[in-house]
Amino acid sequence: KAGLEHNDEWDAAWSAVPLWRAPFSMALYPSQFGFFDVIRMWWEGPRAHWPERIATNLVYWLQCFLAHKMGVLKEITVTSHACSVIGWFLFHACTHRESFYALMLRDPSGKRYIPVIDEAMHLIIGPARWLECKWHDVHHAFASSMMALSIR
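All of the points below concern the structure found in this document. (Residues numbered from 1 in each chain as written. Predicted model: local features only at pLDDT ≥ 70, side-chain atom pairs only at ≥ 80, totals over all residues. Heavy atoms only, no water.)

Thoughts on the packing of helix 7 (residues 115–124) against helix 8 (residues 127–134)
Contact pair helix 7 / helix 8: the axes reach a minimum separation of 7 Å and the direction vectors enclose 130°. On the basis of the axis angle, helix 7 is oblique to helix 8. For the element pair helix 7 and helix 8, the recorded crossing hand is right-handed. Across the interface between the two elements, Ile 117, Asp 118, Met 121 and His 122 from helix 7 touch Pro 127, Trp 130 and Lys 134 from helix 8. Of the residues belonging to the contact of helix 7 with helix 8, the class tally is 4 nonpolar, 1 polar and 2 charged. (Axes fitted to C-alpha atoms, helices over the stretch in contact; angles between N-to-C directions. Helix = DSSP H or I, 4+ residues; strand = E, 2+ residues; numbered from the N terminus. Parallel < 35°, antiparallel > 145°, perpendicular 65-115°, else oblique. Left-handed = near helix turned anticlockwise from the far one by under 90°. Contact = heavy atoms within 4.5 Å. Nonpolar A, V, L, I, M, F, W, Y, C, P; charged D, E, K, R; others polar.)

In structure tokens, the structure reads:
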């Protein structure tokens, strides 16, 4: 239940966006490492995260520089943007919805088996990654005991 409550939590807020509109919105604003996000994190985020964010951004800009030098910056940027939208759509827009959670709770075994979706996702992202998506609400509900980034 904690993963479904918005409480000003960024990833759970995507579940409030209508599903048909989410991919288009995410195409315009898909990542937490965009320019405006980083600026917002500086002012709103905890001080302890600053070294990690500085390092992440330095690595990111180094990668962009190297891609530019190799002549593939545009291709890499478009591909990574598309992959980010797909990942965010699956992970944030879908798995944080009450309807998704209700669908998983239909499984009487408690294993959250969803017949057609499970098989498809095992092929697309693999069983381990799909388990992370299906049980992501545990991360929200017990973030402090799991040392989740959102609670650190």
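Side note on the packing of aromatic side chains
Here the structure, examined in full by the defined rule, presents 2 aromatic pairs. Between the aromatic rings of Tyr 60 and Trp 61, the centroid separation amounts to 5.2 Å while the plane-to-plane angle is 75°, which identifies the pairing as edge-to-face. For Trp 61, a relative accessible area of 55% corresponds to the exposed category. Residues Phe 100 and Trp 130 carry aromatic rings whose centres are separated by 6.0 Å and whose planes lie at 75° to one another, so their mutual orientation is edge-to-face. In this pair, Phe 100 is assigned in helix 6 (residues 98–105) and Trp 130 in helix 8, connecting sequence segments 30 residues apart. Accessibility expressed as a relative area gives 9% for Phe 100, which makes it buried. Here Trp 130 falls in the buried class, since its relative accessible area comes to 4%. The aromatic ring of Trp 135 is capped on one face by Arg 112, whose charged end is 4.0 Å from the ring centroid. (Phe/Tyr/Trp six-rings, centres within 6.5 Å; stacked < 30°, edge-to-face > 60°. Buried < 20%, exposed > 50% of the residue type's maximum accessible area, 1.4 Å probe, protein only. Lys NZ or Arg CZ within 6 Å of the ring centre and 35° of its normal.)

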